[in-house]
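Chain by chain, the residues:
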Amino acid sequence: MIELHYVATANGLKVAIMLAELGLPYRVVNYDLFGGQHLTAEFRRINPNSKLPAIIDMAPADGGEPLPVFESGAVLMYLAEKTGRFLPTAPRDRAVAQQWLLWQMAGLGPMHGQAHHFVRYAPEKIDYAVTRYTREARRLLNVLDYRLSEARFLAGDEYSIADMAAWPWAGGAALIGIDIAEFPSLARWHAEVGARPAVAAALAGKETGVPPEYMQERAQLTAEQWANTFGDRMHAAASSHRADA
Ligand SMILES: N[C@@H](CCC(=O)N[C@@H](CS)C(=O)NCC(=O)O)C(=O)O
């Protein structure tokens, strides 16, 4: 049994997709990010970085105590290794899958994340930041389009955790004003992956589906919601282990 600590953002969806693909039994613990439910000492013991998603494997292969894993890319790799699925085994193919997974984690996700922040969440419109990050977001979609013009999936012929990681971020580009129809190979791949029953199930699931408040083009946050996600309360959680904090 896997416990999924979850919010239905792009990073959360990656793991919901993987769990649906695997058909493993899992239990979802949903968090209200804007309400600050992720800022507790209890959740910090699961993820010291106080971000979602994370999992706890209640029955790890070594038979030891429940194992928490955080960082969505590490969670995908952990589940792939646990089950022997969705990560190629041949060294060459595995290297290709891992490089695209890490490219998503280090590039596509963080840069699109900044674009979403400055386009959708920043209380003031800062032209330089909007331009800098939406241009970079578009550049990364071009990289994805190029790769998918030469291969069916990111790792090659096989659908893998690299696709699961990149897919929710590519789809979210609409919210920062980018239409992925501009990128023909990316759009072809996006439709093919999106048609997988597990992907549809993760997107629409009772506990994993995306609520409309996460889809707002321009988010309206109260001061308290702001403090919980981008402001003082979120920062204070990182030093909460020290008496002087
Ligand atoms: N690199 C991390 C990013 C996790 C992350 O930033 N999660 C967001 C939701 S997508 C979050 O928990 N935000 C809450 C906050 O920043 O307080 C991963 O891929 O797991």
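Residues numbered from 1 in each chain as written. Predicted model: local features only at pLDDT ≥ 70, side-chain atom pairs only at ≥ 80, totals over all residues. Heavy atoms only, no water.

Within an unreviewed UniProt entry, the label attached to the chain reads Thiol:disulfide oxidoreductase, and the organism entered is Novosphingobium colocasiae. According to the UniProt record, the Sequence similarities (unreviewed entry) comment for the chain reads "Belongs to the GST superfamily." (UniProt positions renumbered as here; feature names shortened; annotations may be inferred.)

Undergrad: Which residues make up the overall build of the chain, and what values go with them?
TA: A count of helices and strands for the chain gives ten helices and four strands. Counted from the first residue to the last, the chain has its helices and strands arranged as β-α-β-α-β-β-α-α-α-α-α-α-α-α. Its C-alpha radius of gyration of 18 Å places the chain within 12% of the 18 Å reference for a compact globule of 245 residues. Its C-alpha atoms give the chain principal-axis dimensions of about 50 × 50 × 30 Å. Split into buried and exposed, the 245 residues of the chain put 48% on the buried side. On the chain, roughly 12100 Å² of surface is accessible, and the fraction owed to carbon and sulfur atoms is 55%. The averaged location of the 27 negative side-chain charges in the chain is 2 Å from the averaged location of its 23 positive side-chain charges. (Helix = DSSP H or I, 4+ residues; strand = E, 2+ residues; numbered from the N terminus. Rg over C-alpha atoms; globule rule 2.2 N^0.38 Å. Buried < 20%, exposed > 50% of the residue type's maximum accessible area, 1.4 Å probe, protein only. Areas by Shrake-Rupley, 256 points an atom, 1.4 Å probe, with all protein chains shown as cover. Lys, Arg positive; Asp, Glu negative; His and termini not counted. Charge placed at Lys NZ, Arg CZ, Asp CG, Glu CD.)

Undergrad: Residues and numbers for the UniProt feature "domain: GST N-terminal" (unreviewed entry) in the chain, please.
TA: The feature "domain: GST N-terminal" (unreviewed entry), as annotated in UniProt, sits at residues 1-87 in this numbering. With 36% helix and 21% strand, residues 1-87 has its two end C-alpha atoms placed 21 Å apart.

Undergrad: Describe the site of the ligand, listing the residues and the values that go with them.
TA: Taken together, 13 residues sit near the ligand, with H38, K51, L52, E71 and S72 positioned nearest. Between the ligand and K51, the relevant distance is 2.5 Å, taken from an oxygen atom to a side-chain nitrogen or oxygen of the residue. When isolated, the ligand has an accessible area of 510 Å², and the protein chains bury 80% of it. Class assignment of the residues belonging to the shell around the ligand gives a composition of five nonpolar, six polar and two charged. (Near = heavy atom within 4 Å. Polar contact = N/O pair within 3.5 Å; in protein donor to acceptor, adjacent residues only side chain to side chain. Nonpolar A, V, L, I, M, F, W, Y, C, P; charged D, E, K, R; others polar.)

Undergrad: Please set out unusual backbone geometry residue by residue, giving values where relevant.
TA: A cis geometry characterises the amide bond from L52 onward to P53, with omega recorded as 5°. Residue position: P53 is located in the loop between α2 (41-46) and β3 (54-57). Its identity is not glycine, yet S50 carries a phi of approximately 55°, on the positive side. One can find S50 in the loop between α2 and β3.

Undergrad: Please set out the domain arrangement of the chain residue by residue, giving values where relevant.
TA: By domain assignment, the chain separates into domain 1 (2-85 + 200-238) and domain 2 (91-196). Distance from the C-alpha centre of domain 1 to the C-alpha centre of domain 2: 20 Å. E21 is the partner of R196 in a salt bridge, and the nearest nitrogen-oxygen pair spans 2.8 Å. For the interface between domain 1 and domain 2, the tally reads eleven residue pairs in polar contact (both at pLDDT 80 or more). Looking at the side of domain 1 that touches domain 2 element by element, the count peaks at seven residues for helix α1 (residues 10-22). (Domains from an automatic or database assignment. Salt bridge = Lys/Arg side-chain N within 4 Å of Asp/Glu carboxyl O.)

Undergrad: Can you break down the pattern of salt bridges residue by residue, with the values?
TA: In this structure the tally under the stated criterion is ten salt bridges. Salt-bridge contacts for E81 lead to R94; the nearest nitrogen and oxygen are separated by 3.2 Å. Of this pair, E81 sits in helix α3 (residues 72-83) while R94 sits in helix α4 (residues 91-121), and the two are 13 residues apart along the sequence. Under the relative-accessibility criterion, E81 is labelled partly exposed at 49%. For R94, a relative accessible area of 21% corresponds to the partly exposed category. Two residues, D127 and K125, come together in a salt bridge whose shortest N-O distance is 2.8 Å. Take K125: its relative accessible area is 65%, and that puts it in the exposed class. Within the structure, one salt-bridge network assembled from shared partners comprises R152, R188 and E192.

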